[in-house]
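Listed here are the chains, written in short residue letters.
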Amino acid sequence: MKPAPFDYHAPRQLKEAAELLAKLPNAKVLAGGQSLVPMMNFRYVIVDHLVDLNGLDELRGIVVGDERLRIGAMTRQRDIETSPEIAKHCPLMVEALHHVGHRQTRNRGTIGGSLAHADPAAELPAVCAAHDAVVHVASVRGIRQIAFHELGSGFMATTLAPDEMIAAIDLQVWRQGHGYGFHEFARRQGDFALAGATALLDIGADNVVRRAALTLFGVATSPVRVEAAETRLTGQPLTSGAIRAASAAARQIEPISDIHASGEYRRHLAQVLSSRALNDAAQRAGVQA
Amino acid sequence: MGRQAARMNVNGKSYARVVDARLTLADFLRHEINLTGTHVGCEHGVCGACTVLVNGRTARSCLMFAVQANGCEVTTVEGLTPEGKLSVLQQAFIDNHGLQCGFCTPGMLVTLTELLRDTPDPSEQEVREALTGNLCRCTGYAGIVAAALDAARRLRDADKPETA
């Protein structure tokens, strides 16, 4: 239950961190450490070098642009949860964060760490999928941008190269007044969910859906957007029937089976949680479906 | 690089040691500076017994390396109160049967100290949510929740201006 020995590096600048990652063999990036350190304590992960990003102030902070919201990778989950900018422009994120671990872990945990760890049941990746996030990836070769859906590459694996790190995340901001909903099912508060759903709805004054995003998580290796549901909803008046049909479309997935739940049960959850998330989103957009 | 300096302020006192980089903050507190009030339960961030305040915010000290706390202000359960005295919250734990074996208590106290500092009038639901990150295997939580609500009430009453 103690980590294997390693050399510790605490760079003060992104450039320095990138150079360390490029030159050190078997090195890993340390962000908030709320997933990595347990894995190191169990010796699931044994590294020769740990590059701690906690000293990089340039990777912290929230910047609101015209259509995008930029969150530095090392921004703590708790700081995102309590940020007035996030509450105003991305309320789904605040809702999701209430389900991420516990306050003690959110005080340390970061958004970049959550994305790089890529747990299938994690909440923040689902929010990134819903908001069509763009991930800024840094290395000695500079910064490259990738669409969020290109980040995952399998179970708890990403397309990041060993010498790369996430520097920032851009979220597409939806029109003010959009509706949002977040529901997950976990055995205990703060646990990873068996399955979950997030919904975003932009509804016009005529009650017609201008834009919809329905995202499932915990059902596959990465969050899944239910395009069939989104297409069904968009351009149509929002009715309880429309929500029913969209939630039924969420059933058309082939979720993973594991010791926590069968695939069939997760399919059931996907439908029920989608319906709840869509109903919340409708209500918050001012529509009683 | 395997051994590094760890300098931090713990409960108002400065400490400097050269330690293995892999030494957790929890083990630093217990073995290097002999503050054994912080308990180590699961060592993988589940039980919350090792919760301390780092720069005023709760953190699991088993999930931080001591070298990461360089320059930080750390408060452990020992630092919550003056020596030999109990805080309002600690007294409320005694009065409400908020502890039995006491193993989880340091973490509970630190977690609830943060909650009551930021939320002086918490609902029972808020107390229970705050405690989701701390496991207790004896009390069944009812006494702990009652203690937290009782302490919140006492602290609010103490803050009220005297009315004739």
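**Student:** Give a detailed account of the overall build of chain A, specifying residues and quantitative values.
**Tutor:** Broken down by element type, chain A carries 11 helices and 14 strands. Its C-alpha atoms give chain A a radius of gyration of 19 Å, near enough to 19 Å, the size a compact globule of 289 residues would have. C-alpha atoms of chain A, sized along the principal axes, occupy 60 × 45 × 30 Å. Within chain A, the proportion of its 289 residues that are buried is 52%.

**Student:** Hey, could you go over the overall build of chain B for me, with residue numbers and the actual values?
**Tutor:** Helix and strand counts for chain B come out as five helices and five strands. In chain B, the succession of helices and strands from N to C terminus is β-β-α-β-β-β-α-α-α-α. Scaling as 2.2 N^0.38, a compact globule of 164 residues should have a C-alpha radius of gyration of about 15 Å, and chain B matches this with 16 Å. Expressed along its principal axes, the backbone C-alpha trace of chain B runs to roughly 60 × 35 × 25 Å. When each of the 164 residues of chain B is scored for burial, the buried share is 45%. Long-range contacts, defined here as pairs at least 24 residues apart, represent 60% of the contacts in chain B between residues at least 6 apart.

**Student:** How would you summarise the pairing of strand β6 (residues 134-139) of chain A if you had to cite specific residues and measurements?
**Tutor:** All names here are of chain A. Looking at chain direction, β6 and strand β7 (residues 142-147) are connected through six bridges and run antiparallel. Among the inter-strand pairings, V137 is bridged to a residue of β7, identified as R144. Between β6 and β7, which follow one another and run antiparallel, lie two residues. Of the strand pairs in this sheet, β6 and strand β10 (residues 165-172) are connected by five bridges, and their pairing is antiparallel. Looking across to β10, one finds that V135 is bridged to I169.

**Student:** Please set out the interface of chain A and chain B residue by residue, giving values where relevant.
**Tutor:** Each partner contributes residues to the interface: chain A has 24 residues there, and chain B has 25 residues. For the side of chain A that touches chain B, the elements supplying multiple residues, two or more each, are β1 (7-9), α2 (36-41) and α6 (103-106) of chain A. Within the side of chain A that touches chain B, the residues separate by chemical class into eight nonpolar, 10 polar and six charged.

**Student:** An account of the nonpolar core is needed here, citing residue identities and associated values.
**Tutor:** All names here are of chain A. Membership of the largest hydrophobic core comes to 135 residues, with the highest contact counts inside it found for L53, L115, I169, L200 and L214. Examining the composition of this core, we find that seven residues originate from one element, helix α11 (residues 263-284), more than from any other. Excluding residues within four positions of it along the chain, L214 makes contact with A197, A199, R225, V226, A229, E230, A246, A250, S274 and L278.

**Student:** So what about the sheet that holds strand β3 (residues 49-52) of chain A? Which residues, and what values?
**Tutor:** Residue and element names in this part refer to chain A. On the basis of which strands lie adjacent, the open sheet formed by three strands has the order β1-β3-β2 and parallel pairing. Looking at strand neighbours, the two that pair on one side only are β1 and β2 (27-30), the edges of this open sheet. Strand-to-strand twist of the sheet, defined as the mean angle between neighbouring strand axes without regard to direction, takes the value 25°. In terms of strand pairing, β1 meets β3 through three bridges, oriented parallel. What sits directly across from Y8, in β3, is L50.

**Student:** Tell me what's going on with the sheet that holds β7 of chain A, and back it up with residues and numbers.
**Tutor:** Backbone hydrogen bonds are what pair the strands of a sheet, in a parallel or an antiparallel way. All names here are of chain A. Here five strands make up an open sheet; going across it, the order is β4-β5-β10-β6-β7 and the pairing antiparallel. Two strands bound the open sheet, and with one partner strand each, they are β4 (62-64) and β7. The sheet shows a mean angle of 20° between the axes of neighbouring strands, taken without regard to direction.

**Student:** Which residues make up helix α3 (residues 105-118) of chain B, and what values go with them?
**Tutor:** Taking 1.5 Å per residue, 14 residues should reach 20 Å; α3 of chain B reaches 20 Å between its end C-alpha atoms and fits that length. Taking burial as the measure, the 14 residues of α3 of chain B include 11 buried ones, the bulk of the element. Along α3 of chain B, the positions that sit buried rather than exposed are T105, P106, G107, M108, L109, V110, T111, L112, T113, L115 and L116 of chain B. For α3 of chain B, the secondary structure elements touched by its buried residues are α6 of chain A together with β3 (51-54), β4 (57-60), α2 (88-95), α4 (124-130) and α5 (142-159) of chain B.

**Student:** Kindly report on the pairing of strand β1 (residues 3-10) of chain B, identifying the contributing residues and their values.
**Tutor:** Residues and elements named next belong to chain B. Note that β1 and strand β2 (residues 13-20) share eight bridges and pair antiparallel. Within β2, the position partnered with A5 by the bridge is V18. The hairpin formed by β1 and β2 contains two residues between the paired strands, and N11 there has a positive phi angle of roughly 50°. The sheet contact formed by β1 and strand β5 (residues 73-75) spans two bridges and is parallel. Each bridged residue has a counterpart across the sheet, and for N9 the counterpart in β5 is E73.

**Student:** Break down the environment of G196 of chain A for me, citing the residues and quoting the values.
**Tutor:** Mapped onto the fold, G196 of chain A is located in strand β12 (residues 195-203). The contacts of G196 of chain A, once residues within four sequence positions are left out, are E123, A126, H183, E184, F217, G218 and L273 of chain A.

**Student:** Account for helix α1 (residues 14-23) of chain A, with residues named and values stated.
**Tutor:** Regarding α1 of chain A, the residues found buried are A17, A18 and L21 of chain A. What you see down the axis of α1 of chain A is that its buried residues fit within an arc of 100°, all on one side.

**Student:** Please give an account of the packing of α3 of chain B against α5 of chain B that cites residues and values.
**Tutor:** Residues and elements named next belong to chain B. At a minimum axis distance of 11 Å, the contact between α3 and α5 shows a crossing angle of 40°. Compared by their axis directions, α3 and α5 come out oblique. Remark: the crossing between α3 and α5 carries right-handed chirality. Across from M108, L112 and L116 in α3, the residues of α5 making contact are I144, A148, A151, A152 and L155.

**Student:** Tell me about the packing of α2 of chain B against α3 of chain B, and please be specific about residues and values.
**Tutor:** Residue and element names in this part refer to chain B. Here α2 crosses α3 at 125°, and the two axes come no closer than 10 Å. Viewed along their axes, α2 and α3 adopt a mutual orientation that is oblique. Where α2 crosses over α3, the two elements pack in a sense that is right-handed. Residues L89, Q90 and F93 of α2 lie in contact with α3, whose contacting residues are T105, L109, L112, T113 and L116. Taken together, the residues that form the contact of α2 with α3 break down as five nonpolar, three polar and no charged.

Conventions used here
Residues numbered from 1 in each chain as written. Chains lettered and ligands numbered in written order. Predicted model: local features only at pLDDT ≥ 70, side-chain atom pairs only at ≥ 80, totals over all residues. Helix = DSSP H or I, 4+ residues; strand = E, 2+ residues; numbered from the N terminus. Rg over C-alpha atoms; globule rule 2.2 N^0.38 Å. Buried ≥ 20, exposed ≤ 12 C-beta atoms within 10 Å, placed from the backbone. Contact = placed C-beta atoms within 7 Å. Pairing = 2+ DSSP bridges. Nonpolar A, V, L, I, M, F, W, Y, C, P; charged D, E, K, R; others polar. Core = buried A, V, L, I, M, F, W, Y, C linked by C-beta atoms within 7 Å. Axes fitted to C-alpha atoms, helices over the stretch in contact; angles between N-to-C directions. Expected span 1.5 Å × (residues − 1). Arc of directions from axis to C-beta. Parallel < 35°, antiparallel > 145°, perpendicular 65-115°, else oblique. Left-handed = near helix turned anticlockwise from the far one by under 90°.

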